[in-house]
Each structure stands twice: as C-alpha cells, then as structure tokens.
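Single-letter residue listing:
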Amino acid sequence: MMETFNSFLEGLESTLRMLSSVLSVAYMITNFLFIGLLVGTYRRPAFVRFILFLIFLGAAFFNTRTALNTPWVYQNFADHAIAPYRTFILGTFEAIIQPMVWSIALGQVFIAVTTLMKGHWHRLGCLSGILFSLCIAPLGLGAAFPAPLILAATFYQLYRQQEYSTPTSPHKEKSPNF
C-alpha cells in the first residue's frame, strides 16, 4: 500500500516537473514574442499589426471554445493573480464565467479587427489593446507577466505613430491630428 502511494507521488512529481518545464517554455516564448513585436513596431508596423490581429483573433476563438466546453479552467488564473483579482475569480466570477469570458472574447475580436484598420478606428483599437493588456497584467504568471506590459507598450507605440498602413496596402496615409 505504501509503495503504491510512493510510486503515485513520484509519478505526480515527474508530471508536475514536465508541466512546469512546458509552462516555462511557453512563458519565455510569449515574452520574447512580445518583445519582438515591440521592436517590430519601429521597422515593420504593418507586419506587427497583422500578427496582433492573428493573436487576438486566436485568443477570442480559444476563449469562446474554452468557455463553452470547460469554463471552470479560468478559475486556475486565481493561483497567480494579485489578491483582489483572486478574490473576484474565486467568488463572483464563478457564477458568470461564460458571459464574462464571451464579452472578453468579443473585445478581443474588436481589438483584432481594429488593429488592421486606419485612422480613428485603429487608434481606438490600440487604446483598447492597452486597456486589455493592463487589465490582464494583475493575473501575474497566468498572463505571462510582464508580457501584458510589453504588449501595452507595443499598442502604445502603434497608437503614437502618425502614419498608418494596412498589411495589404503598401501606401501610407497621414492621420488627422486630434
């Protein structure tokens, strides 16, 4: 009996180590990708906008599917979140997981689509991306912190740029000053 229990614990420990390694790799890839996107805003902003479009559209799809099939997994974000977020996730959020995540996914679609637009819509999308990034930063490691801050800086840099072009059009146009 004791041997079986010890064997179980060893297997569990091995699985947790492997999972930790996989999550560490994902964490590093996410942060390096976002650093690359931030740097890319200075030389290839249209490409960065297209990548952000893909990232946010993919996130919206993933969140919608996850909320439909396994909504309880979002409570795992409480493990690494700051105290007020942890309290919300483990309390109020439990009863409204699906509608809350679907509204987040809708916001992600908005950010994705406006990332490819020009002028005022693009700027609104950038502001939305900044707000979204800052709102998920308190999730800590669950959001691959500091990746959300790097992402916010990327959106800010895109927002600041006065020339806008879509990834499909090579010409640039001046945005009116606000």
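See the structure shown above.
Residues numbered from 1 in each chain as written. Predicted model: local features only at pLDDT ≥ 70, side-chain atom pairs only at ≥ 80, totals over all residues. Heavy atoms only, no water.

Q: Honestly, the layout of surface pockets in this entry has me stumped. Any pointers?
A: Where empty space is left becomes clear once a probe the size of a water molecule has been rolled over the atoms. By volume, the largest pocket amounts to about 1400 Å³. Lining the largest pocket are 38 residues, with Phe77, Ile136, Leu139, Gly142 and Ala143 positioned closest to its centre. At the level of secondary structure, the elements contributing two or more residues to the lining of the largest pocket comprise α1 (2–43), α2 (45–69), α3 (83–90), α5 (97–115), α6 (119–136) and α7 (147–160). No other element matches the seven residues that α2 contributes to the lining of the largest pocket. By residue class, the composition of the lining of the largest pocket is 28 nonpolar, nine polar and one charged. (1 Å grid on protein atoms, 1.4 Å probe; cavity = no way out; pocket = protein on both sides within 12 Å on 5 of 7 lines; lining within 4 Å. Points joined across faces, edges and corners; volume = space filled by probe spheres on them. Helix = DSSP H or I, 4+ residues; strand = E, 2+ residues; numbered from the N terminus. Nonpolar A, V, L, I, M, F, W, Y, C, P; charged D, E, K, R; others polar.)

Q: What's the story with the packing of α6 against α7 in this structure? I'm lost.
A: Describing two packed helices takes the angle between their axes plus the distance from one axis to the other. In the contact formed by α6 and α7, the axes pass within 8 Å of each other and the chain directions differ by 165 degrees. One element, α6, and the other, α7, form an angle in the roughly antiparallel class. Classified by chirality, the crossing of α7 by α6 is left-handed. Of the residues in α7, those in contact with His122, Arg123, Gly125, Cys126, Leu127, Gly129, Ile130, Ser133, Leu134 and Ile136 of α6 are Pro148, Leu149, Leu151, Ala152, Phe155, Tyr156, Leu158 and Tyr159. Its residues placed into classes, the contact of α6 with α7 shows 13 nonpolar, four polar and one charged. (Axes fitted to C-alpha atoms, helices over the stretch in contact; angles between N-to-C directions. Parallel < 35°, antiparallel > 145°, perpendicular 65-115°, else oblique. Left-handed = near helix turned anticlockwise from the far one by under 90°. Contact = heavy atoms within 4.5 Å.)

Q: Can you walk me through the packing of α2 against α7 in this structure?
A: Interaxial distance between α2 and α7 falls to 11 Å at its minimum, and their mutual angle equals 135 degrees. In terms of axis orientation, α2 runs oblique to α7. With respect to the hand of their crossing, α2 and α7 are arranged in left-handed fashion. In this structure, α2 uses Pro45, Val48, Arg49, Leu52 and Phe56 to contact α7, whose residues at the interface are Leu151, Thr154, Phe155 and Leu158. Of the residues belonging to the contact of α2 with α7, the class tally is seven nonpolar, one polar and one charged.

Q: Quick question: what am I supposed to make of a nonpolar patch on the surface here?
A: A cluster of nonpolar side chains, contributed by Leu57, Val109, Phe110, Val113, Met117, Trp121 and Leu124, occupies part of the molecular surface with about 560 Å² of accessible area. Among the secondary structure elements, those contributing two or more residues to the nonpolar patch are α5 and α6. By residue number, the principal contributor to the nonpolar patch is α5, which donates three residues. Looking at leucine 124, the relative accessible area reads 39%, which means it is partly exposed. (Patch = residues over 30% accessible without salt bridge, like charges linked within 9 Å, V, L, I, M, F, W, Y side chains within 5 Å. Areas by Shrake-Rupley, 256 points an atom, 1.4 Å probe, with all protein chains shown as cover. Salt bridge = Lys/Arg side-chain N within 4 Å of Asp/Glu carboxyl O. Buried < 20%, exposed > 50% of the residue type's maximum accessible area, 1.4 Å probe, protein only.)

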